[in-house]
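# Structural overview
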Amino acid sequence: MMITQWAANALKNHVPLEADDISKRLETPPSPDMGDIAFPCFTLAKQFRKAPQEIAQSIAGAWDHAHITASAAGPYVNLTFDRGYYGSLMMEGLEQEKVPETGKGIRVVIDMSSPNIAKPFGIGHLRSTMIGAALYHMHKLAGYDVVSVNHLGDWGTQFGKQIAAYKRWGDDERLSADPIGESLNLYVRFHEEAEHDETLEPEAREWFRKLEEGDGEARSLWAYFVDVSMKEFSRMYDRLNVRFDYTLGESFYNDKMPAVVDSLKEKGLLVESDGALVVRLDEEGMPPCLILKKDGTTIYPTRDLATAIYRHDEMKADRLLYVVGNEQRLHFQQVFAVLRRMGMDWADSCTHVPFGLMKFEGKKMSTRRGKIVKLENVLDEAVERALAIINEKNPELESKQQVAEAVGIGAVIFGDLKNNRLNEVDFSLEDALNFDGETGPYVQYTYARTQSVLAKGAAAYGTAEDAMEETDPNAGAHHLGDAGWELLKLLTRFPEALERGVRNQEPSVLARYALDVAQSFNQFYNKERIVIEDAQVRKARLRLTRLAGRTIARTMGLLGIQTPERM
Ligand code: ARG
């Protein structure tokens with residue numbers, strides 16, 4: 001945040017505040033011709049027993065700085081930077097690509113994606129996957145030691161149901177033809193028939209009990225479902241370019257749960273309720289947290305308790321993030337509350353990072369009724385549409401299929417991540433692929449434009465390096481024009497966007513930033529000619545173009561989106 005630091009340092013000589021405090025108060029003037037930065041004098045009024053207007057006047061009157069001018073505008077002091085001087089400093093700073101390493105020495109374990117076995121990978125898990133992946137990259141860049149874990153839903157009563165349904169109606173031929181689709185059919189049929197067949201639910205519970213006890217047949221059926229699911233999930237992760245440091249499903253914690261149950265017992269936290277064992281959370285104003293069911297089988301919260309303890313004790317997590325839908329809010333509050341009751345003071349470093357529901361073109365989903373929008377279908381269609389658009393816009397383009405893949409998938413990811421994560425997303429492919437909207441393809445297209453401008457510069461005036469090389473260190477930014485100056489200032493705010501995105505666990509901050517940079521570059525591109533005869537001007541503008549392209553690619557990279565060189 002260079003420009004605010006310079007402003008704060010200059011203001012420090014005129015107001016009785018620390019530079020940090022000044023930085024926080026700085027604002028952007030409503031229109032760029034008023035100046036680059038505004039300092040509001042309201043809060044100083046009390047201290048000086050003077051009207052803010054007068055204070056602004058006296059600061060501006062006493063102003064004395066070689067490269068920054070000040071003028072009073074009502075209660076504000078507006079500062080204007082010398083573009084040649086500061087512009088060159090800003091460009092040099094940008095070349096370094098440095099961001100403050102605020103997370104040094106802090107290990108963050110991110111629970112992300114975590115789909116359920118034996119179900120298709122639906123668009124519901126896209127959000128956890130992509131928000132998680134973005135948070136992973138963002139934390140990494142901010143210097144954190146990050147570990148991602150895919151907490152597969154591979155344990156629980158639903159596998160009892162899955163096995164019971166298979167035992168009743170399973171057809172091996174159909175299953176091997178379409179393992180996931182057929183598993184889902186079985187699961188849906190289970191719920192339909194269970195409505196009038198009362199023997200089904202107990203049968204399912206019995207199978208899950210057997211599974212937890214390690215029964216051979218139960219285990220091998222379960223292993224089959226895990227195996228076919230992982231194949232499908234891996235295909236999705238490859239396309240989305242998402243990797244995990246660990247894939248440890250709920251089943252991994254099976255042998256770690258007895259210790260948790262014992263410790264709860266020892267601490268006198270377990271009480272009986274209708275034959276089940278629960279931890280009461282009346283004081284926290286929450287319903288009791290179920291730990292062991294009547295038949296002695298474990299449940300989702302029990303597994304999450306064991307998981308959290310493992311991540312803290314074994315993985316040495318300083319912070320635990322859970323990127324999981326908003327509908328599980330109570331679940332995590334309960335789990336964290338039980339940890340606190342167990343005396344784990346680190347429970348406060350556990351954070352649920354919730355997000356809103358994703359609907360697809362208005363449709364809601366329900367796994368139980370088999371209404372799942374398969375991510376694979378959405379991605380295929382997005383890529384197909386992207387290809388059609390490219391064929392129309394740029395039929396000569398090389399490696400069209402590859403570019404279409406990057407654009408189609410980028411459109412889906414960006415269409416998700418540009419929303420404040422807590423908002424519900426009603427996803428529409430048409431909107432997401434609009435090249436002129438606030439979309440991934442718009443940003444990608446702008447990136448490709450920066451690259452084609454650079455190529456044009458290189459073609460006309462030697463290599464790209466020659467074309468951009470800056471000889472006179474002060475020749476930079478006064479050649480950029482107003483739009484170029486605004487773009488340059490915006491580029492220096494990348495660390496600020498990153499910091500805010502990490503602090504709020506909010507990838508949309510970076511998606512918005514990418515849009516802002518793309519818009520700002522396009523304004524610059526439309527207003528100023530870049531590849532022109534005058535070498536000084538051309539070099540400065542090409543340099544800015546290169547820095548803008550780099551910032552766009554970097555920001556999109558944090559979101560897990562590719563930026564093809566040509567589109
Ligand atoms: N598999 C769960 C679901 O799809 C999400 C698991 C989230 N992570 C966790 N530690 N509970 O609803």
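Residues numbered from 1 in each chain as written. Predicted model: local features only at pLDDT ≥ 70, side-chain atom pairs only at ≥ 80, totals over all residues.

## Description of the overall build of the protein chain
Spelled out, the test is: Numbering of helices and strands runs from the N terminus; a helix is a DSSP stretch of H or I covering at least four residues, while a strand is a stretch of E covering at least two. In this scheme every C-beta is placed from the backbone, and a residue whose C-beta has 20 or more other C-beta atoms within 10 Å is buried, one with 12 or fewer is exposed, and one in between is partly exposed. Here contacts are defined at the residue level, using C-beta atoms placed from the backbone and a cut-off of 7 Å between them.
If you tally the helices and strands in the protein chain, you get 23 helices and 13 strands. For the protein chain, the spread of C-alpha atoms along the principal axes amounts to about 85 × 65 × 35 Å. Counting across all 567 residues of the protein chain, residues that qualify as buried make up 45%. Considering only residue pairs separated by 6 or more positions, the protein chain has 73% of its internal contacts joining residues 24 or more positions apart.

## Description of the sheet that holds strand E3 (residues 76-81)
Keep this limit in mind: Only when DSSP finds a minimum of two bridges between them are two strands counted as paired. Helix axes are fitted only over the stretch in contact, all axes being lines through C-alpha atoms; the angle between N-to-C directions runs from 0 to 180 degrees.
Strand order in the open sheet formed by 3 strands is E1-E3-E2, and the pairing between neighbours is antiparallel. Looking at which strands have only one partner, the edges of the open sheet turn out to be strand E1 (37-40) and strand E2 (68-73). Neighbour-to-neighbour, the strand axes of the sheet open up by a mean angle of 25°, direction not taken into account. Relative to E3, E1 runs antiparallel, the two being bridged by 4 bridges. Each bridged residue has a counterpart across the sheet, and for Pro40 the counterpart in E3 is Tyr76. The strands touched by helix H1 (residues 2-11) within the sheet are E1, E2 and E3, with E1 carrying the most contacts at an inclination of about 45°. Sitting on the sheet, helix H4 (residues 52-62) touches E2 and E3, and the angle it makes with E2 is about 155°.

## Focus on the environment of Glu533
If you trace the backbone, Glu533 turns up in the loop between helix H22 (508-527) and helix H23 (535-558). As for Glu533 and Ala72, which are separated by 461 residues in sequence, their C-alpha atoms are 40 Å apart.

## Describing the confidence of the model for the protein chain
Caution applies to low-pLDDT regions: their predicted coordinates should not be interpreted in detail. Basically, it comes down to this: A score from 0 to 100, pLDDT tells how confident the predictor is in each residue.
Model confidence for the protein chain is summarised by a mean pLDDT of 93, while 96% of its residues fall at 70 or above. Confidence estimates for the predicted assembly give a pTM of 0.94 and an ipTM of 0.99.

## Some thoughts on the domain arrangement of the protein chain
In plain terms, the rule: Domain segmentation is taken from an automatic or database assignment of domains.
Domain assignment breaks the protein chain into domain 1 (2-81), domain 2 (157-248) and domain 3 (376-558). When each unit is reduced to the centre of its C-alpha atoms, the spacing between domain 1 and domain 2 is 64 Å.

## Observations regarding the pairing of strand E4 (residues 107-111)
Every regular strand shows the same layout, with side chains that alternate between the two sheet faces. To be explicit about the condition: If the strands point away from the viewer and the path from the first strand over the helix to the second runs clockwise, then the crossover is right-handed.
Counted residue by residue, E4 has 4 buried out of 5 residues, so it is predominantly covered. Since E4 and strand E5 (residues 145-150) lie parallel, the crossover through helix H6 (residues 124-141) that links them has a hand, and here it is right-handed. The pairing of E4 with strand E10 (residues 319-323) spans 4 bridges and is parallel. The residue bridging Val109 from the neighbouring strand is Leu320, located in E10.

## Some remarks on the packing of helix H9 (residues 179-194) against helix H11 (residues 216-240)
The condition is simple: Here is the rule for angles: anything less than 35 degrees is roughly parallel, anything more than 145 is roughly antiparallel, 65 through 115 is roughly perpendicular, and the remaining ranges are oblique. Whether a crossing is left-handed or right-handed is set by the direction in which the near helix is turned from the far one by less than a right angle, anticlockwise for left-handed and clockwise for right-handed.
Where H9 contacts H11, the axes come no closer than 9 Å and their chain directions differ by 125°. Of the possible angle classes, the one that applies to H9 and H11 is oblique. The interaxial crossing formed by H9 with H11 has left-handed handedness. Here Pro179, Ile180 and Ser183 of H9 come into contact with H11, specifically with Phe225, Val228, Ser229 and Glu232.

## Some details on the site of the ligand
The condition that has to hold: Whether a residue is near a molecule or strand depends on its C-beta atom, generated from backbone atoms, being within 6 Å of that molecule or strand. By the convention adopted, Pro, Cys, Tyr, Trp, Phe, Met, Ile, Leu, Val and Ala count as nonpolar, Lys, Arg, Asp and Glu as charged, and the other residues, Gly among them, as polar.
Around the ligand, the neighbouring residues are Asp111, Ser114, Pro115, Asn116, His151, Gly153, Asp304, Thr307, Tyr322 and Val324. Of the residues assigned to the shell around the ligand, the class counts are 3 nonpolar, 5 polar and 2 charged.

## A word on the nonpolar core
Threshold: Structurally, a nonpolar core is described as a collection of buried Ala, Val, Leu, Ile, Met, Phe, Trp, Tyr and Cys residues joined by way of C-beta atoms within 7 Å.
Core analysis: the biggest nonpolar cluster contains 133 residues, and Ile110, Ala514 and Leu559 have the highest contact counts within it. Apart from residues no more than four positions distant in its own chain, Ala514 is found in contact with Val443, Ile552, Thr555 and Met556. Judged by nonpolar contacts, the second largest core, of 19 residues, contains Leu152, Tyr166, Phe208 and Ala218.

## As for helix H5 (residues 83-96)
Stated formally: By this rule, a helix spans an expected 1.5 Å times one less than how many residues it contains.
For H5, built from 14 residues, the straight-helix expectation of 20 Å at 1.5 Å per residue is met to within 8% by its first-to-last C-alpha distance of 20 Å. All of the buried residues along H5 are Arg83, Tyr86, Gly87, Ser88, Met90, Met91 and Leu94. Of the surrounding secondary structure, the elements contacted by the buried residues of H5 are H1, E3, helix H20 (481-491) and H23.

## As for the environment of Tyr525
Mapped onto the elements of the fold, Tyr525 is located in helix H22. The sequence separation of Tyr525 and Val453 amounts to 72 residues, and the corresponding C-alpha distance is 9.3 Å.

## Digging into the sheet that holds strand E8 (residues 276-279)
Taking strand neighbours across the sheet as the criterion, the 3 strands line up as E7-E8-E9 in an open arrangement whose pairing is antiparallel. Looking at which strands have only one partner, the edges of the open sheet turn out to be strand E7 (270-273) and strand E9 (289-292). In this sheet, neighbouring strand axes are inclined to one another by 45° on average, regardless of whether the strands run parallel or antiparallel. By the bridge criterion, 3 bridges tie E8 to E9 in an arrangement that is antiparallel. Among the inter-strand pairings, Val279 is bridged to a residue of E9, identified as Cys289.

## Digging into the packing of helix H16 (residues 400-417) against helix H18 (residues 440-461)
The packing of two helices is summarised by the inter-axis angle and the distance between the axes. Put simply, H16 and H18 touch, their axes get as near as 7 Å, and they point 125° apart. Judged on the interaxial angle alone, H18 and H16 are oblique. Contact with H16, carried on its side by Val407, Gly410, Ala411, Ile413, Phe414 and Gly415, involves Gly440, Pro441 and Gln444 of H18 and no other residues of that element. In the contact of H16 with H18, the residues fall into 5 nonpolar, 4 polar and no charged.

## Considerations on unusual backbone geometry
Here the phi dihedral of Arg49 falls at roughly 50°; this positive angle occurs in a residue that is not glycine. By the element assignment, Arg49 lies in the loop between helix H3 (44-48) and H4. A positive phi angle, close to 60°, is found at Lys316, a residue other than glycine. Locating Lys316 in the fold gives a position in the loop between helix H13 (300-313) and E10.

## Brief notes about H11
Compared with the 36 Å implied by 1.5 Å per residue over 25 residues, the 36 Å span of H11 between its first and last C-alpha is a close match. Next to the buried residues of H11 lie H6, helix H7 (157-169), H9, helix H10 (200-213), helix H15 (375-393) and H16. One or two steps after H11, the chain reaches Asn241, where phi turns positive at roughly 60°.

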